[in-house]
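Single-letter residue listing:
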Amino acid sequence: YIYLFVLLLISSAIATQNRDIRQEFNETRYLTILLYSHFMFVVMRLFLYLLSEDLGKKNVVSAMTSLLISIDTLITLSIYFLPKILVAIKADKADDIRPSSLKQ
């Protein structure tokens, strides 16, 4: 889990450096939310690892770890791609509303 913390620290440094980029290319807000979300799941996995001896069965711990990783992945994909999909849908609806004489 140490390498995950190192990667999270490096990612936060890069996100901090990229906050002054033009707004069209600036994804720092989404990266920060991703970092926070991923950090929470790493902490949960760490607690699960530390408590694994108390929980007993290894297959239960493995299933819980798998579930945490799956939820983390789904949330990460949602945080990153959902805003882009919503912008594309909004732009498509705006094109449908414009008069056909203005469409290019």
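The residue count restarts for each chain, going from 1 along the sequence in the order it is written. Local features are withheld for residues below a pLDDT of 70 in this predicted model, meaning they are given only at 70 or higher, and side-chain atom pairs are given and counted only at 80 or more; totals for whole chains, interfaces and linings count all residues. The basis for the side-chain values is all heavy atoms of the structure; hydrogens and waters are excluded.

### What about the overall build of the protein?
Note the following rule: Helix and strand assignments come from DSSP, with helices taken as H or I runs of at least 4 residues and strands as E runs of at least 2, each series counted from the N terminus. Computed by Shrake-Rupley with a 1.4 Å probe, the accessible areas treat only the displayed protein chains as cover when residues are assessed.
Counting secondary structure elements, the protein contains four helices and zero strands. What you see in the protein, going N to C, is helices and strands ordered as α-α-α-α. Carbon together with sulfur atoms contributes 67% to the accessible area of the protein, which is approximately 8300 Å² in total.

### With respect to a nonpolar patch on the surface
So the rule is basically this: Patches here: salt-bridge-free residues with over 30% relative accessible area, like charges joined within 9 Å, nonpolar side chains (Val, Leu, Ile, Met, Phe, Trp, Tyr) joined within 5 Å. Every case where a carboxyl oxygen of Asp or Glu lies within 4 Å of a side-chain nitrogen of Lys or Arg is listed as a salt bridge. Here's how the labels work: a residue is buried when its accessible area is under 20% of the maximum for its type, exposed when over 50%, partly exposed in between, all with a 1.4 Å probe on protein chains only.
On the surface, a nonpolar cluster with roughly 630 Å² of combined accessible area is contributed by Ile2, Tyr3, Val6, Leu7, Ile10 and Ile14. Mapped onto the fold, Leu7 is located in helix α1 (residues 2-17). When its relative accessible area of 49% is taken as the criterion, Leu7 is described as partly exposed.

### Regarding the confidence of the model for the protein
For clarity, the cut-off: A score between 0 and 100, pLDDT records how confident the predictor is in each residue.
Taken over all residues, the pLDDT of the protein has a mean of 78, while the share at 70 or more is 79%. Element-level mean pLDDT values for the protein span from 72 in helix α3 (residues 52-55) up to 85 in helix α4 (residues 58-97).

### Thoughts on the environment of Pro83
What counts, and what does not: Here, two residues are considered to be in contact whenever any of their heavy atoms come within 4.5 Å of each other.
By the secondary structure assignment, Pro83 is in helix α4. On a C-alpha basis, the gap between Pro83 and Tyr30 in space is 9.0 Å, while along the polypeptide they are 53 residues apart. Those residues in contact with Pro83, other than ones at most four positions away along the chain, are Tyr30 and Ser78.

### Observations regarding the packing of aromatic side chains
Note the threshold: Planes of paired rings set the category: under 30 degrees apart is stacked, over 60 is edge-to-face and the rest tilted, where pairs are Phe, Tyr or Trp rings (Trp by its six-membered ring) whose centres lie within 6.5 Å.
Here the structure, examined in full by the defined rule, presents one aromatic pair. Where Tyr80 meets Phe81, the ring centres are 5.1 Å apart and the plane angle is 85°; that geometry is what we call edge-to-face. Take Tyr80: its relative accessible area is 26%, and that puts it in the partly exposed class. Residue Phe81 is classed as partly exposed on the basis of its relative accessible area, which comes to 41%.

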